[in-house]
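Single-letter residue listing:
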Amino acid sequence: MKKISKVLMIISLLMTMALNIGQVKAKTNNLVRNWDFESENNEGWEQNKVGHVIDGVSYGDGNKAGVVPSDCADGYVGQYIYNLKPNTTYKITVQAKVDTDGAKAILATRVFDNNPWEYEGKPEKDQILKEMAVTSTNWQEYSYEFNTALNTNKVFVSLVKWAGVSDSNYEAVKKCNAYIDNVIIEEVNSIEVPEEDYNLVWEDQFNGEKLDLDKWRYETGYVRNKELQEYVDSEENVYLENGDLVLKATKKDEPVTVTVDGQDHKMYYNSGSIESFGHQDVLYGKIEMRAKLTNGKGFWPAFWTLGSEWTSEGQLGEGTAWPECGEIDIMEAPVQSPDGVNKTTWATIHYQKNGSYQKMGGEYKFSEDLADDYHIYGINWTPEKIEWYFDDIVFYTADISDIENFQKPHFVKLNLAVGGSWPGNTIDESKLPAEYRIDYVTYSQTEEQKAAADAFYANAPQISGVKDIKVLKGTPILQENGESGLDLLDGVQAVDKNGKKLTVGVSTLPSTFDTNTVGETMLVYTAKDDSGVYGRTYATLTVVDLPVKDELKKLIEDVELLNADDYTPNTWSKLQNDLTKAKQVLEDNSVWQEDVDSMVKTLEASIGSLVKRADITKLELEINNIEKLDSQKYTAETWDNLASVLVDAKAVAADKNVTQTQVDDILSRLVDAKGQLKLKEDGSVSVSWTNLTPSQQKETTNKVVKTSDESPIGMLMTTLLLSSSMLYVLKKRKNNC
Ligand SMILES: [Ca+2]
Ligand SMILES: [Ca+2]
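Residues numbered from 1 in each chain as written. Chains lettered and ligands numbered in written order. Predicted model: local features only at pLDDT ≥ 70, side-chain atom pairs only at ≥ 80, totals over all residues. Heavy atoms only, no water.

*Asks:* Pulling in residues and values, what's your account of the coordination of the calcium ion (ligand 2)?
*Replies:* Looking at the metal site, the calcium ion (ligand 2) is ligated by Gln205 (O), Gly243 (O), Asp439 (O) and Asp439 (OD), spaced 2.3 to 2.4 Å from it. With a relative accessible area of 17%, aspartate 439 lands in the buried category. (Donors = N, O, S within 2.8 Å, 3.2 Å for Na, K, Ca; no water. Buried < 20%, exposed > 50% of the residue type's maximum accessible area, 1.4 Å probe, protein only.)

*Asks:* Give me the lowdown on the packing of aromatic side chains, citing residues and values where you can.
*Replies:* Counted according to the given criterion, the structure contains 27 aromatic pairs. On the numbers, 5.6 Å between centres and 90° between planes, the contact of tyrosine 76 with phenylalanine 156 is edge-to-face. Taken together, the residues span a long stretch of sequence, with tyrosine 76 in strand β4 (residues 74–81) and phenylalanine 156 in strand β9 (residues 155–162) at a distance of 80 residues. Among the residues examined, phenylalanine 156 registers a relative accessible area of 5% and is labelled buried. Between phenylalanine 277 and phenylalanine 411 the ring centres are 5.0 Å apart and the planes differ by 75°, which places this aromatic pair in the edge-to-face class. Of this pair, phenylalanine 277 sits in the loop between β17 (273–275) and β18 (281–282) while phenylalanine 411 is found in strand β27 (residues 410–418), placing the two residues 134 residues apart along the sequence. Each of the two residues, phenylalanine 277 as well as phenylalanine 411, counts as buried. Aromatic rings pair up to connect Tyr364, Phe366, Tyr377, Phe390 and Phe395 into one cluster. Across the ring face of tyrosine 198, the terminal group of lysine 286 is positioned such that the distance to the ring centre comes to 4.5 Å. (Phe/Tyr/Trp six-rings, centres within 6.5 Å; stacked < 30°, edge-to-face > 60°. Helix = DSSP H or I, 4+ residues; strand = E, 2+ residues; numbered from the N terminus. Lys NZ or Arg CZ within 6 Å of the ring centre and 35° of its normal.)

*Asks:* Describe the sheet that holds strand β1 (residues 46–47), naming the residues involved and giving the relevant values.
*Replies:* Sheet architecture is open: 5 strands sit in the order β1-β4-β9-β6-β7, paired in antiparallel fashion. Looking along the sheet, the strands with just one partner apiece sit at the ends: β1 and β7 (128–134). (Pairing = 2+ DSSP bridges.)

*Asks:* Go over the side chain of serine 444, please, and point to the residues and values.
*Replies:* Tracing the chain through its elements places serine 444 in strand β28 (residues 434–445). Not counting residues up to four positions away in its chain, the partners in contact with serine 444 are Tyr198, Asn199, Leu200, Val201, Gly285, Lys286 and Gln449. (Contact = heavy atoms within 4.5 Å.)

*Asks:* Which residues make up the packing of helix α7 (residues 617–628) against helix α8 (residues 636–654), and what values do they have?
*Replies:* Closest axis-to-axis distance for the α7/α8 pair is 10 Å, and the angle between their directions is 145°. Where α7 crosses over α8, the handedness of that crossing is left-handed. Contacts between α7 and α8 involve Leu619, Ile623, Ile626 and Glu627 from the first element and Trp639, Leu642, Leu646, Ala649, Lys650, Val652 and Ala653 from the second. Residues belonging to the contact of α7 with α8 are distributed by class as follows: 9 nonpolar, no polar and 2 charged. (Axes fitted to C-alpha atoms, helices over the stretch in contact; angles between N-to-C directions. Left-handed = near helix turned anticlockwise from the far one by under 90°. Nonpolar A, V, L, I, M, F, W, Y, C, P; charged D, E, K, R; others polar.)

*Asks:* How would you sum up the sheet that holds strand β33 (residues 504–509)? Please name residues and give values.
*Replies:* Remark on secondary structure: sheet strands pair via backbone hydrogen bonds, oriented parallel or antiparallel. Spatial ordering of the open sheet is given by β30-β35-β34-β33, a layout of 4 strands whose pairing is mixed. The open sheet is flanked by β30 (469–472) and β33, the only strands paired with a single partner. Geometrically, the sheet is characterised by an average inter-axis angle of 30° between neighbouring strands, direction not taken into account. Relative to strand β35 (residues 534–544), strand β34 (residues 519–528) runs antiparallel, the two being bridged by 10 bridges. Bridging across to β35, alanine 527 finds its partner in glycine 535.

As structure tokens, this is what we get:
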């Protein structure tokens, strides 16, 4: 007896050890009951009419596994997993196989309880959290992570066989046995990448006076979702205050009616929406904001992205529409509950896959109202996954490794909607004006994220030759139908990564923009390569008013009243030159205001530099007088001096551009030189001349020269007359004394 029990004990111990080896592999925190299908009563596994636990097949040691057998194309074997935590990531690992080449089974994880999705008012039952194809004909490990992130603590994991009769693999699916074994589900602890590994790429701290329109553009008007607000660019609804961007919803005095889907739609509120389109793209990295949300039933603050290839409405533009462009909702908090409390932030991606619209996502429920304080809302985006975080909690992860929409650039959007399809049209107006306050938006990347983004851009179409364009009001723009006008594509080219030339499209944003209105619009240049990858480049088209030319016209009229003879030919001819140019500017309908203003300045300067023509009457008279003198009478030295000054004087007199000062100067030099003339020693006039004292002689000479009489005889006569009268004056003075 003792011996037997010892043997039994040893056997039992060995069995326990064997079991423990298995348990070690399954890990103690495996949430799957009967993980290896080996228990007697098939505990845990749901067996429908086709899927069941089978004897005689097992992965590794053991004798049992789950099977979805042949002769069916619609069946499953699976298990409900209870007591999951919301907003938590789990990892499922299984061994699985199919026994027919070309067959496929699906490892699916579904939400299977109270519906967490009330999107657009349509509850979605049986939401697939994640699925993976099983195609190996040998046992193989299949594994993925999923995030509850929902109002759920229960999922259903299953191996599914399903094919439609028309599917190409229908026969193979129907024929095969699909097996599953060793199912492990365990919680994954999120690992945050350390903060210092991120480099800031772009940010707006909203610390300025006004919204930075080099970073953002406004969305205006009616935009989407039958929402009840009109987006405006007014400073009442979009402004910076205390370091925050404030998007504020206000009630309109009168509703504005627009046509949506052929029906009248009333907008009762004004609100704000801004986006980084055309200014900043984001592709892989952390995109984060710190914000204080609105509460109150009907309000719907959001922080989200759209693919940058999103079509820009324009008839010339190329791009993709929603949902083909892809959308990442970093934060959406539509206030649905009647009490108006806002405690839930939603994380969703919308995309197009295999030609059909799909979405996945989750939510985070916070203990407090999100309108009570500032919180951080962000995503960490890599080529493999997008993780959503709230403050420092990662609450949802989406595997995007095979979703093309999230392997290309997006742009960022911030808006405060009122009403619409999600929160419904009952609005708590007691909350108006409602403020959505954003402290900052940042975009940062690790080296790996940057390298992945750089690789995308290096292979995307490159557009060159794009430049800002300025036109005058009313300038026609070249149309696709060939109607002539300004060619927005002039000099613009695009090539793919191999240098192959691509077609470029251009559109204005908004498309309703035309050049009859003064202002700015965005020009969106788009090129697509053969593999469907888009490249985009942006520029600004500025329409300016026709120039005002009144001042120029008046100035031209004034100039035309001036008389050529009054001014030096040089300055006059410059003025005439500028006048001709001014007249051209006046006539030309393609000049800018600054050209007109500059022409006015030039013409004014030209008028200002006009020089009055000099009066040379006296100079000419003096030259004439001197030319009548007899050189033989004077000493060679003094005559030569006079002759030399005379040459200069003649040159001055002949130059019509000389100034009055130049004329006066040369006249004075001429008079001086003439006054310094000395008669030769044997001059016939020396007799009476010697009767004068030296000073009298000098004075007399000066006077003679200054009166500048005509002939040598006349001069002599004058000299003599003056001499006699001098003597007479001197005599008189003596007598008087
Ligand atoms: Ca087994
Ligand atoms: Ca700030």
